[in-house]
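Descriptive structure summary
Chain by chain, the residues run as shown.
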Amino acid sequence: MTVSGSWQHAARGAMLLGDDGALRPTIFAEMSALAVSTGAVNLGQGFPDEDGPAEVLEAARKAISDGFNQYSPGPGTPVLREAIATHQQRFYGMTVDPDREVLVTAGATEALAATILALTEPGDEVVTLEPFYDAYGAIIGLSGAKHVTVGLHAPAFLPDPDELRAAVTDRTRIILINNPHNPTGTVLPIETLQLIVELANRHDALIVTDEVYEHLVFGAAHIPIATLPGARERTVTISSAGKTFNTTGWKIGWLVAPAPLVAAIIAVKQFLTFVNGAPFQPAIAVGLGLPDSFFAGVAADLAHKRDLLSAGLVAAGFGVTQPKGGYFIVADASPLGFDDAEEFCRRLPSLAGVVGIPISAFVSHGNRAEYSSLVRFAYCKRVSVLEDAASRLSRLTR
């Protein structure tokens, strides 16, 4: 269990503030620039390179033509809030009041920011798993709360129950989980979810759960923690449209929570973006109403892409942990003789014409040793791109 450093070291953006006060490119910006300058296949950035379903794209065009181009209602367009509530009932058996328990946001990141800023005070503790989505550290730092992490240990990338118990105390205000998890691709088992609920109740903590990959799981169905006994009344469930419908640029996210929590979060959210994406909101409502075959097909297509890239990485000599959900696969570069993934990622474009991101970018400074040789690759790309990447990676064994 550790407490992270300042938010500047966790924030992703074009630049970050170094220990000497100088602005430097983040590893994300650095790797993207390397991809451009070398012509490497960019598997560092987690966005798809194919458009989403035609019905959803056409619904957005129609909404623009029909004049849905001004501010939407503060909580979100009614048709989308209704669709979100229906989605929760359809897939998870959750009964949700669309008028009082749903809030539409500018992507899941704004939902996370508004939630943490609204529900914490300086000095509170927020517990996350580590590695963690890089925005978590930045938002927690901005809130004035303390960031406490619980490591996900390779190769299964699961938390040790005793470490989780030690991390959650009466000082804990929020337990923040990402399930399915970015960057490791782990899906938390029911036993871990139940332990989190138990700890939240014991210490009167809130649960905030980032479920943007909820439909991108391979095998067992996704279990929202809010559906477990003792969780609903203290859980903020966050998701978004970008990953499911290949519309990451639309920035349509949402949260579902008990009405008092939603009211508190709205009080902050209204001073962030106020509202966003008016014509995209009815389009995402159309997406959420697509048949089961669409959602099953999205997961099956991504599982195929995962297997394609995984095979290429194994053939190239990496150690690979097979993800159970999400966009990313973790590969160990140490079998190739590289114990420093940051150095390896800087050399990989010239060695093989491929770009990845070191897992250390998702880890607090004091805990990087455990993850030092690990690299994250994105497989949410066209099959032809992944085949090209696998072919290029084979240069590493020549």
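Quick caveat, the model's predicted, so the values are computed rather than measured. (Residues numbered from 1 in each chain as written. Predicted model: local features only at pLDDT ≥ 70, side-chain atom pairs only at ≥ 80, totals over all residues. Heavy atoms only, no water.)

**Digging into the overall build of the chain**
- Along its length, the chain carries 13 helices and 17 strands.
- Relative to the 2.2 N^0.38 estimate, which gives 21 Å for 398 residues, the radius of gyration of the chain is 20 Å and therefore close to what a compact globule would have.
- Projecting the C-alpha coordinates of the chain onto the three principal axes gives extents of approximately 60 × 50 × 45 Å.
- With 398 residues in all, the chain has 57% of them scored as buried.
- Look at the contacts in the chain between residues 6 or more apart in sequence, and 73% of them connect residues 24 or more apart.
- Element-wise, carbon and sulfur atoms account for 55% of the exposed surface of the chain, whose accessible area totals about 15,500 Å². (Helix = DSSP H or I, 4+ residues; strand = E, 2+ residues; numbered from the N terminus. Rg over C-alpha atoms; globule rule 2.2 N^0.38 Å. Buried < 20%, exposed > 50% of the residue type's maximum accessible area, 1.4 Å probe, protein only. Contact = heavy atoms within 4.5 Å. Areas by Shrake-Rupley, 256 points an atom, 1.4 Å probe, with all protein chains shown as cover.)

**Section: the sheet that holds strand β17 (residues 374-378)**
- With antiparallel pairing, the 4 strands of this open sheet are ordered in space as β13-β14-β17-β16. On the outer flanks of this sheet lie β13 (319-321) and β16 (357-358), each paired with one strand and no other.
- In this sheet, strand β14 (residues 328-332) lies alongside β13 in antiparallel orientation, the contact comprising 3 bridges. Each residue of the ladder has a partner; that of Val320, found in β14, is Ala331.
- Contacts from helix α12 (residues 341-352) reach β16 and β17, with the element oriented near 45 degrees to β17. (Pairing = 2+ DSSP bridges. Axes fitted to C-alpha atoms, helices over the stretch in contact; angles between N-to-C directions.)

**Describing helix α4 (residues 107-119)**
- In this model α4 runs 19 Å from its N-terminal to its C-terminal C-alpha over 13 residues, within 8% of the 18 Å that 1.5 Å per residue would give.
- Counting buried positions along α4 yields 10 of 13 residues, so the element is predominantly enclosed.
- If you check which residues of α4 are buried, you get Gly107, Ala108, Glu110, Ala111, Leu112, Ala113, Ala114, Thr115, Ile116 and Leu119. (Expected span 1.5 Å × (residues − 1).)

**Some details on the pattern of salt bridges**
- Under the definition given, this model contains 19 salt bridges.
- Notably, a salt bridge pairs Arg81 with Asp99, separated by 3.3 Å at the nearest N-O pair. Here Asp99 lies in the loop between α3 (78-92) and β5 (102-106) and Arg81 lies in helix α3, a separation of 18 residues in the sequence.
- Judged by its relative accessible area of 56%, Asp99 is exposed.
- Taking the shortest distance from any N to any O, the salt bridge between Glu101 and Arg232 comes out at 3.1 Å. With Glu101 in the loop between α3 and β5 and Arg232 in the loop between β10 (206-210) and β11 (235-240), this pair connects stretches of sequence that are 131 residues apart.
- A network of salt bridges, in which partner residues are shared, links Glu30, Glu342, Arg346 and Arg368. (Salt bridge = Lys/Arg side-chain N within 4 Å of Asp/Glu carboxyl O.)

**Examining the environment of Glu55**
- Structurally, Glu55 is set in helix α2 (residues 54-65).
- The exposure class of Glu55 is partly exposed, given its relative accessible area of 45%.
- In this structure Glu55 touches Val286 and Leu290, once residues within four positions along its chain are discounted.

**What about the packing of α4 against helix α5 (residues 134-143)?**
- Running from N to C, α4 and α5 cross one another at 30 degrees; their axes reach a closest spacing of 9 Å. Between α4 and α5, the interaxial angle falls into the category roughly parallel. Note that α4 runs across α5; the crossing there is right-handed. Contacts from Thr109, Leu112, Ala113, Ile116 and Leu117 of α4 reach α5 at Ala135, Tyr136, Ile139, Ile140, Leu142 and Ser143.
- Looking at side-chain class alone, the contact of α4 with α5 contains 9 nonpolar, 2 polar and no charged residues. (Parallel < 35°, antiparallel > 145°, perpendicular 65-115°, else oblique. Left-handed = near helix turned anticlockwise from the far one by under 90°. Nonpolar A, V, L, I, M, F, W, Y, C, P; charged D, E, K, R; others polar.)

**Things to note about the packing of α2 against helix α10 (residues 280-288)**
- For the pair α2 and α10, the least separation of the axes is 8 Å and the interaxial angle reads 150 degrees. By the angle class used here, α2 and α10 are roughly antiparallel. Every pair of crossing elements has a handedness; the one defined by α2 and α10 is right-handed. Within the contact between the two elements, α2 uses Glu55, Val56, Ala59, Ala60 and Ala63 and α10 uses Phe280, Pro282, Ala283, Ile284, Val286 and Gly287.
- Class assignment for the residues of the contact of α2 with α10 results in 9 nonpolar, 1 polar and 1 charged.

**Considerations on the pairing of strand β6 (residues 125-130)**
- For β6, the tally of buried residues reaches 6 of 6 residues, placing the bulk of the element in the interior.
- Here β6 pairs with strand β7 (residues 146-153) via 6 bridges, running parallel. Bridge pairing in β7 places Leu129 opposite Val150.
- Note that β6 and strand β9 (residues 172-178) share 4 bridges and pair parallel. In the sheet register, Val127 faces β9, and the bridge partner there is Ile175.

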